[in-house]
Structures are given as structure tokens and as C-alpha cells.
Amino acid sequence: MSRPTGEIQIRVRYAETDRMGLLHHANYLVYFEQGRTELLRQIGRSYKDVEDAGFFLVLAKVEVRYRQPARYDDLLTLRTTVTRRTPVRIEHEYQVLRDGELLAEGSSTLACVDAKGNLRAMPDWLLEPK
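Residue positions within a chain follow its written sequence, with the count starting from 1. Only residues with pLDDT of 70 or above have their local features reported here, since the model is predicted, and side-chain atom pairs are shown and tallied only from 80 upward, although totals for entire chains, interfaces and linings are computed over all residues. Only hydrogens and water are set aside; all other atoms, that is, all heavy atoms of the structure, feed into the side-chain values.

A. Structural detail: the sheet that holds strand S1 (residues 5-11). Two strands qualify as a pair provided that DSSP identifies no fewer than 2 bridges between them. Numbering of helices and strands starts at the N terminus; helices are DSSP runs of H or I of at least 4 residues and strands are runs of E of at least 2. Ordered by their spatial adjacency, five strands build an open sheet running S1-S3-S4-S5-S2, and the pairing between neighbours is antiparallel. Bordering the open sheet on either side are S1 and strand S2 (56-66), each of which pairs with just one other strand. Averaged over all adjacent pairs, the angle separating strand axes in this sheet is 25 degrees, with direction ignored. Taken together, the seven bridges between S1 and strand S3 (residues 75-85) define a ladder with antiparallel strand orientation. Residue pairing for S3: threonine 5 is matched across the bridge by threonine 81. We call two residues in contact whenever any of their non-hydrogen atoms come within 4.5 Å of each other. To define axes, lines are fitted to C-alpha atoms, for helices over the stretch in contact only, and angles between the resulting N-to-C directions are given on a 0 to 180 degree scale. Against the sheet, helix H1 (residues 27-42) engages S1, S2, S3, strand S4 (89-98) and strand S5 (101-113), with an angle of about 130 degrees to S1.

Structure follows, in C-alpha cells:
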């Protein structure tokens with residue numbers, strides 16, 4: 001399987017910062033979700049497609065390593081890469097950059113479940129372009 005990778009631009013909004021004008025640490029997780037959503041869209045799918053077909057991707061694990069702070073009004077690049085896929089899990093890596101400088105990196109594991117929360121195998125089409 002190839003390693004699908006996508007990039008999006010995110011401007012740090014005032015509401016996402018703390019009192020010092022730095023991007024609040026919790027917002028990196030929101031950005032990671034944006035990255036996953038847009039990566040799926042780039043390969044011709046959407047979370048709505050996945051859920052309408054009865055597959056739900058739930059966050060099982062997430063990690064973030066902060067290297068440098070992002071600040072209000074910074075234009076960031078978020079790079080999202082699928083690094084591993086098993087029948088019931090998908091793993092991503094993330095890089096948050098400002099002008100090419102690595103500010104934060106992270107990873108996540110999503111598990112595929114049915115509407116009742118039971119593990120289920122992902123469909124083959126989940127990561128294949130339409």
C-alpha cells in the first residue's frame with residue numbers, strides 16, 4: 001500500500017490561542033483531525049461516505065510532541081501521512097510547520113467500529129482513490 005500524504009494550510013485564529021498569544025496545545029488535536037478529514041477528501045472520499053456505509057473511525061491513541069510554539073496569525077502547513085493500515089486500524093503521522101520549520105509532530109491510531117462500537121474490518125475502498 002502506498003503512503004497517502006496530504007498538506008493543508010491553517011491560519012492560527014485568535015480564539016485558538018492562550019493568554020500569551022500561543023496556539024493552545026489542545027488545538028493541535030483539532031488540526032490533526034482536519035488533516036485526516038482533508039486527506040480522505042483528497043483521495044476522493046469523505047467521513048460522511050465512510051459513516052453512511054456503516055464504518056466509524058474512532059480515536060484509539062494520539063501523541064503530540066511540541067518543539068516550537070505557533071502564534072496568533074501564523075500560517076501553518078499541516079502534513080498528514082498514512083503510515084500503517086491493518087484490517088481494523090489506521091495510523092497517521094503529522095507534521096506542523098511554519099515556513100518549513102517543524103513546530104510539532106504527532107501520531108494517531110484510529111480503530112474501525114460498527115454503529116454499536118464493535119471492531120470491524122475496514123472496507124478495501126477506504127484508502128483507494130475513487
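B. Geometry of a nonpolar patch on the surface. In this analysis, a patch consists of residues with relative accessible area above 30% that form no salt bridge, clustered at 9 Å for like charges and at 5 Å for the nonpolar side chains Val, Leu, Ile, Met, Phe, Trp and Tyr. For every accessible area listed, the method is Shrake-Rupley and the probe measures 1.4 Å; residues are considered covered only by the protein chains on display. In the sections that follow, a salt bridge refers to a side-chain nitrogen of Lys or Arg positioned within 4 Å of a carboxyl oxygen of Asp or Glu. Taken together, Leu29, Leu59 and Val62 make up a surface patch of nonpolar side chains, about 230 Å² in accessible area. Of note, leucine 59 is situated in strand S2.

C. Structural detail: the pairing of S3. The pairing of S3 with S4 spans eight bridges and is classified as antiparallel. Each bridged residue has a counterpart across the sheet, and for arginine 84 the counterpart in S4 is glutamate 91. The turn joining S3 and S4, which pair antiparallel and follow one another in sequence, is formed by three residues.

D. Representation of the nonpolar core in the model. The nonpolar core is taken to be a set of buried Ala, Val, Leu, Ile, Met, Phe, Trp, Tyr and Cys residues, with the residues joined through side-chain atoms within 4.5 Å. In this scheme, a residue with accessible area under 20% of its type's maximum is buried, one over 50% is exposed, and one in between is partly exposed, where area comes from a 1.4 Å probe on protein chains only. If you look at the biggest cluster of nonpolar residues, it comprises 14 residues, and the most contacted ones within it are Leu23, Tyr31, Ala70, Leu76, Leu78 and Val96. Within the residue set of this core, elements represented by two or more residues are S1, H1, S3, S4 and S5. Among the elements that make up this core, the one with the highest residue count is H1 (three residues). Residues Ile43, Tyr47, Leu57 and Ile90 belong to the second largest nonpolar core, which totals 13 residues.

E. Here's a closer look at the pattern of salt bridges. Considering all chains together, one arrives at 10 salt bridges under this definition. Among the salt bridges present, the one from glutamate 63 reaches lysine 61, with a minimum N-O distance of 3.8 Å. Its relative accessible area of 46% is what places lysine 61 among the partly exposed residues. The shortest N-O distance in the salt bridge between arginine 67 and glutamate 105 comes to 2.4 Å. In this pair, arginine 67 is assigned in the loop between S2 and S3 and glutamate 105 in strand S5, connecting sequence segments 38 residues apart. Residue class for arginine 67 comes out partly exposed when judged on its relative accessible area of 37%. The exposure class of glutamate 105 is partly exposed, given its relative accessible area of 24%. Each of Asp74, Arg98 and Glu101 takes part in salt bridges that share partners, so that together they form one network.

F. View of the environment of valine 62. With respect to the element layout, valine 62 can be found in strand S2. Along the sequence, valine 62 and lysine 48 sit 14 residues apart, while their C-alpha atoms lie 22 Å from each other. With residues up to four places along the chain from it excluded, the contact list for valine 62 reads Leu29, Phe32, Ser107 and Ser108.

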